[in-house]
Amino acid sequence: MKTVGKILLGVIAYGISMVVSGALMTALHLPMLRPIPGETRSPETQFLLMMLCTPVLIVGLIPLVQGLRGTWVQRCLAIAALMFVTLGLNTIIELTIFSDLLPDGNLLVSAFFILPALITAAVISYGKGRTEEPTFAHFGIGGWSWRLVLAWMSFPVIYFLFGMCVGPFVAPHYMAGVAGLKIPPVDVIIKTQLVRSLFFLAASFPAVLLWTKSRGKFIMAMGLAHAVMVGIFPLMQAGFLPMLLRVLHSIEITADSFAYAAVLGLLFFRAKKAEVLEVAKSTAA
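Note that residues are indexed from 1 along each chain, following the sequence as it is written. Thresholds applied to this predicted model are a pLDDT of at least 70 for local features of residues and 80 or more for the giving and counting of side-chain atom pairs; totals over whole chains, interfaces and linings are not thresholded and use all residues. Excluding hydrogens and water, the side-chain figures rest on all heavy atoms present in the structure.

### With respect to the overall build of the protein chain
Item 1. Broken down by element type, the protein chain carries nine helices and zero strands.
Item 2. Runs of E in the DSSP output that reach at least two residues are strands. Runs of H or I that reach at least four are helices, and both are numbered from the N terminus. For the protein chain, the succession of helices and strands along the chain, N to C, is α-α-α-α-α-α-α-α-α.
Item 3. Our radius of gyration looks at C-alpha atoms and nothing else; its globule reference is 2.2 Å times the residue count to the power 0.38. In terms of C-alpha radius of gyration, the protein chain reaches 19 Å, essentially the compact-globule figure of 19 Å for 285 residues.
Item 4. A principal-axis box enclosing the C-alpha atoms of the protein chain has dimensions of 55 × 40 × 40 Å.
Item 5. In the protein chain, which comprises 285 residues, the share counted as buried stands at 45%.
Item 6. Contact between two residues is taken to exist if any of their heavy atoms lie within 4.5 Å; hydrogens are not considered. Long-range contacts, defined here as pairs at least 24 residues apart, represent 87% of the contacts in the protein chain between residues at least 6 apart.
Item 7. As displayed, the protein chain has an accessible area near 13900 Å², and 74% of this comes from carbon and sulfur atoms.
Item 8. In summary, the charge assignment counts Lys and Arg as positive and Asp and Glu as negative, without counting His or the chain termini. Note that the charge is assigned to NZ on lysines, CZ on arginines, CG on aspartates and CD on glutamates. Here the protein chain carries 20 positive and 12 negative side-chain charges, and the mean point of each set is 12 Å from the other. Partly exposed residues are those whose accessible area sits between 20% and 50% of the maximum for their type, while under 20% is buried and over 50% is exposed, using a 1.4 Å probe and protein chains only. In this description, accessible areas are obtained by the Shrake-Rupley approach with a 1.4 Å probe, and a residue is regarded as covered only by the protein chains that are shown.

### With respect to the nonpolar core
Item 1. Side-chain atoms within 4.5 Å are what join buried Ala, Val, Leu, Ile, Met, Phe, Trp, Tyr and Cys residues into a set we call a nonpolar core. Formed by 72 residues in total, the largest nonpolar core has its most connected members in L57, L64, I79, M83 and F268.
Item 2. Elements with a minimum of two residues in this core: α1 (3–27), α2 (43–65), α3 (72–98), α4 (114–124), α5 (141–175), α6 (186–210), α7 (215–237) and α8 (243–268).

### Quick word on the environment of T40
Item 1. Considering the arrangement of structural elements, one finds T40 in the loop between α1 and α2.
Item 2. A sequence separation of 200 residues divides T40 from F240, and the C-alpha atoms of the two residues are 7.9 Å apart.

### Some remarks on the layout of surface pockets
Item 1. Cavities and pockets were defined on a 1 Å grid built over protein atoms only: a cavity is a set of grid points that admits a 1.4 Å probe from which the probe cannot escape, a pocket is an open set flanked by protein on both sides within 12 Å along at least five of seven lines, and lining residues are those with an atom within 4 Å of any such point. Grid points are joined across faces, edges and corners, and a volume is the space filled by probe spheres set on the points. Considering only enclosed or pocket space, the second largest pocket measures out at about 170 Å³ in volume.
Item 2. For the second largest pocket, the lining is made up of 15 residues, of which K6, V65, Q66, Y126 and K128 are closest to its centre.
Item 3. Of all the secondary-structure elements, those providing two or more residues to the lining of the second largest pocket are α1 and α2.
Item 4. Three classes are used, and their members are as follows: Ala, Val, Leu, Ile, Met, Phe, Trp, Tyr, Cys and Pro are nonpolar, Asp, Glu, Lys and Arg are charged, and the others, Gly among them, are polar. Tallied by class, residues from the lining of the second largest pocket come to six nonpolar, four polar and five charged.

### Focus: the packing of α1 against α2
Item 1. As a packed pair, α1 and α2 sit with axes 9 Å apart at the nearest point and diverge in direction by 135 degrees. Overall, the two elements α1 and α2 adopt an arrangement that is oblique. The two elements α1 and α2 meet at a crossing, and its hand is right-handed. Counted together, T3, K6, I7, G10, V11, Y14, G15, M18 and V19 of α1 and F47, M50, M51, T54, P55, L57, I58, V59 and I62 of α2 form the full contact between these two elements.
Item 2. Residue classes in the contact of α1 with α2 are distributed as 13 nonpolar, four polar and one charged. Between N-to-C directions, angles span 0 to 180 degrees; the directions come from axes that are lines fitted to C-alpha atoms, helices contributing only their stretch in contact. Angle categories: roughly parallel below 35 degrees, roughly antiparallel above 145, roughly perpendicular from 65 to 115, and oblique for all the rest. Less than a right angle of anticlockwise turn of the near helix away from the far helix marks a crossing as left-handed, whereas a clockwise turn marks it as right-handed.

### Digging into the environment of P43
Item 1. Positionally, P43 belongs in helix α2.
Item 2. Taking the C-alpha atoms as reference points, P43 and L266, separated by 223 residues in sequence, lie 43 Å from one another.

### Considering α5
Item 1. At any given residue, the bend is defined as the angle formed between two axes, one fitted to the seven residues that end at that position and one fitted to the seven that begin there. At G167, α5 shows its largest kink, close to 70 degrees, and the proline P168 lies no more than four residues downstream.
Item 2. Considered for burial, the residues of α5 that qualify are G143, W144, R147, A151, S154, F155, P156, I158, Y159, V166, V170 and Y174.
Item 3. Buried residues belonging to α5 abut α3, α6 and α8.
Item 4. One or two steps after α5, the chain reaches G177, where phi turns positive at roughly 75 degrees.

### Describing the side chain of T54
Item 1. Relative to the elements of secondary structure, T54 occurs in helix α2.
Item 2. Among all residues touching T54, those that are not within four sequence positions of it are V11, Y14 and F233.

Have a look at this one:
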């Protein structure tokens, strides 16, 4: 299937699955998000906006999909896991501590994203996977252990580093309670980022194991996927937020995402010979 066709079908699949998922959540009496303070758009308008933004989501995932080997099911589950955690579970966790929009902190709200993640991933990963050997390096138990721990601990550091850059500009909006936003205690933020980091690592690792292209291309593909799903795509639709918050958080999350992808790339991949030669030539020049 051509890339353009995958993007178009991916957009359609995401839109339909979101509608079906919402109907199922309602029928099963599962918890949903509270109405967003200051949101004046109708559900129909909000859905149309989401559909207009969805091509950005699919385009952000395609480079990662194109670098994976394995069966259709393996690639589908790898992409679905990443989508569910970044678009669903991560969003719910963030809303739990940084807003009053989640009823009783119930993480079951994230079940809404299971069906869209699976169906969309199935569509955009359809077809034959790459046949090259995986790129990740093979380590012993000790080598895997310290790398996994370092990958887990890296995200909170990255989060706070880039968060401090935008903090002075966005904090007043949180302190004022704009759109139900709030600033929790520092210890709550730290604990939450450690939990988020575990989820991000678990959701990203299948793609690490199935990746066949170079380390540099992994960093670009995984960084783009995280940036789009964690920040750019949801913030494009968040008209209830001031434009300053949307722009600054998009920049912050994009920086977070590529920095985190770089950590994963450096920890779990060895540079291919072509990359090493290119770096050597650049240095010599």
